[in-house]
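Descriptive analysis of the structure
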Amino acid sequence: MTVWLLGDQLHPEHHVLDGADRVLLIEAADFADRRPYHPQKLGLVFAAMRHARDALREAGYDVEYRRADSFGDALDAHFEASPGDELRLMCPPSDGAAARLRELVESRGGSLTLVDDDRFLCSPDAFDEWHGDDSFRHENFYRWLRRREGILMNGDDPVGGQWNFDESNRETPPDDWSPPPVPRYDPDELTRETLDWVAERFDTWGAPEGFAWPVTRDEALDALDHFVTHRLPEFGPYQDAIVGGESTLAHSLLSSSLNLGLLKPREAIDAAVGAWERDDAPIESVEGFVRQVLGWREFMRHVYRRTMPELVEGDLLDRSRALPPLYYDGETRMRCLDEAVSHVYDHGYAHHIERLMVLSNFATLFGADPGELNEWFHFGFVDAYHWVTTPNVLGMGTFATDAFTSKPYVSSGNYVDRMSDHCAACPYDVNATTGADACPFNALYWDFLDEHEETLRGTGRMGLMYSHADRKDEAEWTAIRERAARLRERAAEGSL
């Protein structure tokens, strides 16, 4: 029997390894030819796989590491050497992946046994037993899972008397605040060799320089310790803030390690809760981090699983415009958007408010095809996989589906002004809606509400926004529509 570990299943103690005779890892290049992936994302995945190979061998496993153009080619070689082999694999979360891999194995005379993926705390069976119907509400799931796991609980009640501390986690940093230090993991010889190969072998989008992501289990554990020690205390109050010149603030930077399997979610959660128990971090910060890992990450996995493939087959708002060139070349005078795109290009990363309220918000108001935005997130971010980007972008980011969201997360420039320091230094006027220098977010926002009124007016919490829209007279609407049309033309031309 051979345990097959995929490139995002790299924890040395995955339960699938119990009793393993040998381990199979396949480094297939063809997936990286399908999109212009960020070179740091490809370097991260391939370097982490190669380091995991060496670590497993040092731990005493017989590791078969095959480099090939495709899984099929590698499996041909594997079954030629081991006819009729039995493979065991943790079930991958991407839609249809398990069936495709099973067909590849069985068509070559082997067998494939699938087991639960222990990179998550809530199994499909447990979620389905809890869920029961087709309505998805994150808060209900989060409270249920916290109770089940006994995390931040005082009996049946949440510690601190609240399930979340959102109201305490929306502060803007003072002018003299400096973010905590960012851990850097300089590439060793194997990682440098991998990055050089990626640069030579693949067509990519993004900067290859400055790679500093954890690629080993030890580095991932160090990154977790660094976050809990240096960044977690200030993570909570400023987690929704945006600061010019800062791509990370106090965010954990652990999502790539979690999604590669270098860390398990319970390890990250327990470390954060331990800091609160030692009075080293406030409850607002710890609960905010727990909600991201225990709540949202687990929830997205199951929403994706339960709603695919329908999730990607339509758009509630029927948008089809191409994503503006600025998402690819970063050329725009909008300071908030320029910085957010630059963060992705330079690091393969932007924090969650930049993702939602800048990058996704603008694409939504512009009317970009949600599918293209999802593709851009998928190839541009080091922590992106289909199971996580798709529900986040198509649900929260663009409201292409209302499977688990009750309204679009859109805003005018007012939100960016409130949560960031960008607007004061931006050539656009955040307080103006029309006119040559008015913030593009403003006219696009009101035009978006106008264009999609039939769908949105009665949706969720949109009533307040439409009460403001109802106060505008026809002359104001005409100016807004003309301004929005011109902005879309300029964005499409690459001259915004």
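Treat the numbers as computed from the prediction; the structure is a model and nothing was measured. In every chain, residue numbers begin from 1 and rise along the written sequence. Given that the model is predicted, a residue must reach a pLDDT of at least 70 before its local features are reported, and side-chain atom pairs must reach 80 or more before they are shown or counted; all residues, however, enter totals for whole chains, interfaces and linings. Hydrogens are left out, water is left out, and the side-chain values use all remaining heavy atoms of the structure.

So, the side chain of Ser 256
Our working rule: Helical segments are the DSSP runs of H or I of at least four residues, strand segments are the runs of E of at least two, and each set is numbered from the N terminus. Between buried and exposed lies partly exposed: a residue is buried under 20% and exposed over 50% of the maximum accessible area for its type, with that area taken using a 1.4 Å probe on protein chains only. The contact criterion used is simple: two residues touch if any of their non-hydrogen atoms lie within 4.5 Å.
Along the polypeptide, Ser 256 turns up in helix H8 (residues 255–260). The exposure class assigned to Ser 256 is buried, which follows from its relative accessible area of 1%. Ignoring sequence-local partners within four residues, the contact set of Ser 256 consists of Leu 44, Trp 213, Val 382 and Asp 383.

Some words on the packing of aromatic side chains
Rules: Here is the rule: rings of Phe, Tyr and Trp (six-membered ring for Trp) pair when centre to centre is within 6.5 Å. Planes less than 30 degrees apart are stacked, more than 60 are edge-to-face, and the remainder are tilted. In this scheme, Lys NZ or Arg CZ marks a charge over a ring once it lies within 6 Å of the ring centre and within 35 degrees of the ring normal.
Applying the stated rule across the entire model yields 32 aromatic pairs. An aromatic cluster of at least three residues, connected via ring pairs, comprises Phe 127, Trp 130, Phe 136, Phe 141, Trp 144, Trp 296, Phe 299 and Phe 404. The ring of Trp 197 has Arg 50 sitting right over it, with the charged end atom 4.9 Å from the ring centre. One cation-aromatic arrangement involves Arg 53 over Tyr 65; the distance from NZ or CZ to the ring centre is 4.7 Å.

As for the environment of Arg 306
Positionally, Arg 306 belongs in helix H10 (residues 283–307). Sequence separation of Arg 306 and Pro 124 is 182 residues, and the distance between their C-alpha atoms is 9.3 Å.

Side note on the pairing of strand S5 (residues 111–115)
Under the convention used in this document: For two strands to pair, DSSP has to find at least two bridges joining them. By the criterion used throughout, a crossover qualifies as right-handed when its path from the first strand across the helix to the second strand runs clockwise, the strands pointing away from the viewer.
Bridging between strand S4 (residues 86–90) and S5 involves 5 bridges; their strand directions are parallel. Bridged to Arg 88 within S5 is Thr 113. Where the polypeptide runs from S4 across helix H3 (residues 97–106) and back to S5, its parallel neighbour, the crossover connection is right-handed.

A word on the nonpolar core
Selection criterion: Grouping buried Ala, Val, Leu, Ile, Met, Phe, Trp, Tyr and Cys residues that are joined through side-chain atoms within 4.5 Å yields what is termed a nonpolar core.
Among the nonpolar cores identified, the biggest contains 141 residues, and Leu 232, Phe 289, Val 290, Tyr 327, Leu 359, Phe 362 and Trp 376 are the most heavily contacted of them. If near-sequence neighbours (up to four positions away) are discounted, Val 290 is found in contact with Tyr 142, Ile 151, Leu 152, Ile 269, Val 273 and Gly 295. By size, the runner-up hydrophobic cluster in this structure holds 14 residues, among which are Leu 24, Ala 74, Leu 87 and Leu 89.

Here we look at a negative patch on the surface
The line we're drawing: Exposure above 30% relative accessible area and the lack of any salt bridge qualify a residue for a patch; like charges then connect within 9 Å, and the nonpolar side chains Val, Leu, Ile, Met, Phe, Trp and Tyr within 5 Å. Every accessible area reported is derived by Shrake-Rupley at a probe size of 1.4 Å, with residue values counting cover from the shown protein chains alone. In what follows, salt bridge is the name for a side-chain nitrogen of Lys or Arg lying within 4 Å of a carboxyl oxygen of Asp or Glu. Think of it this way: Lys and Arg go in the positive column, Asp and Glu in the negative one, and His and the chain ends go nowhere. A charge is said to be at NZ when it belongs to Lys, at CZ for Arg, at CG for Asp and at CD for Glu.
There is a patch of like negative charges on the surface, built from Asp 188, Glu 189, Glu 193, Asp 196 and Glu 200. Tracing the backbone through its elements, the reader meets Glu 189 in helix H6 (residues 189–201). Judged by relative accessible area, Glu 189 falls into the exposed class, the value being 61%.

Thoughts on helix H13 (residues 352–366)
This is how the line gets drawn: Helices are assigned an expected span. That span is 1.5 Å times one less than the residue count. Two axes enter the bend calculation: one fitted to the seven residues ending at the residue in question, the other to the seven starting there, and the bend is the angle between them.
In this model, H13 (15 residues) spans 20 Å end to end at C-alpha, consistent with the 21 Å of a helix rising 1.5 Å per residue. Of all the bends in H13, the largest measures some 35° and sits at Ser 360. With 14 of its 15 residues buried, H13 lies for the most part within the structure. Two residues or fewer past H13, Gly 367 is found with a positive phi of approximately 95°.

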